[in-house]
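Breakdown of the fold
Spelled out, the chains give:
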Amino acid sequence: SQATINVGSQPRTGEMHCIEPMPSTFRELQAASEQLGLHAKGLLLTHAAIAGISEGTIRFPKATSKNVGVVGVEYIGIDYCKKHSNEFCEEVPVYSLERYVERFVRKRHHPINILQIDVEGWDFDVLFSASSVLDKTHYLEFEYHSTGSWKNLHLQDAIMLLDAKGFVCYWAAEKRLW
């Protein structure tokens, strides 16, 4: 279904996608979406992970057992499942951003107004492998920190990639933008 908002007197439609790999967080989002009727308003909630080029499945913690702790603690993510048994982890599908758009976005040839990426340190991998998606994106937001592949890459490389695609890059911090 399509999301509809009114801009002045003109209704505009679009799609809203939320992709969440953490099983417990996905279930919470699903319950909230059902309670608020967001699916009927155009939200497509997908239980999956977005990665660079690799696709298939990946194990994520269930985060409902006493061994894992609090629901929604994403920082335990993938590494936790490398060290623990399947009993505490769940297989989650993995798509590249390009493949996700091909498979789930209904109006895939239309522009993407807002693309927000938060993949716990693997943001550059997703950006680097999503050329055609970036070509039609108006506004992009992603995280930069010292985990995942960022610890071996430079923010300047991401800025040069985005600059070549016509993006104007800003660094947003608390009460500051530069």
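This write-up is about the structure you can find in this document. Residue numbering note: each chain is counted from 1, following its sequence as written. With the structure being a predicted model, the display of local features is reserved for residues of pLDDT at least 70 and the display and counting of side-chain atom pairs for 80 or more, all residues being used for whole-chain, interface and lining totals. Derived side-chain values reflect all non-hydrogen atoms in the structure, with water molecules and hydrogen atoms excluded from consideration.

1. Re the environment of Pro-93
Note on conventions: DSSP H or I runs of at least 4 residues are helices, E runs of at least 2 residues are strands, and numbering of each starts at the N terminus. One can find Pro-93 in strand β7 (residues 89-96). Distance in space between the C-alpha atoms of Pro-93 and Arg-59 is 8.9 Å, their sequence separation being 34 residues. Not counting the four nearest positions on each side in its chain, Pro-93 is found in contact with His-47, Ala-48, Ala-49, Gly-56 and Thr-57. The criterion used for residue contact is that any of the two residues' heavy atoms lie within 4.5 Å.

2. Side note on the packing of aromatic side chains
Pairs were defined over the aromatic rings of Phe, Tyr and Trp, the Trp ring being its six-membered one, requiring ring centres within 6.5 Å. Orientation was assigned from the angle between planes: stacked under 30 degrees, edge-to-face over 60, tilted for the rest. Applying the stated criterion across every chain, the model contains 7 aromatic pairs. Centre to centre, the rings of Phe-124 and Phe-128 are 5.8 Å apart; their planes meet at 15°, and the pair counts as stacked. With a gap of 4 residues between them, Phe-124 and Phe-128 both fall in helix α4 (residues 123-128), about one helical turn apart. Buried, partly exposed and exposed residues are distinguished by accessible area as a fraction of the type maximum, computed with a 1.4 Å probe on protein chains only: under 20%, between the cut-offs, and over 50%, respectively. Take Phe-128: its relative accessible area is 57%, and that puts it in the exposed class. On the numbers, 5.9 Å between centres and 70° between planes, the contact of Tyr-144 with Trp-171 is edge-to-face. Placement of Tyr-144 in the loop between β9 (137-142) and α6 (155-164) and of Trp-171 in the loop between α6 and β10 (172-173) is noted, with a sequence separation of 27 residues between them.

These figures capture arrangement, not role.
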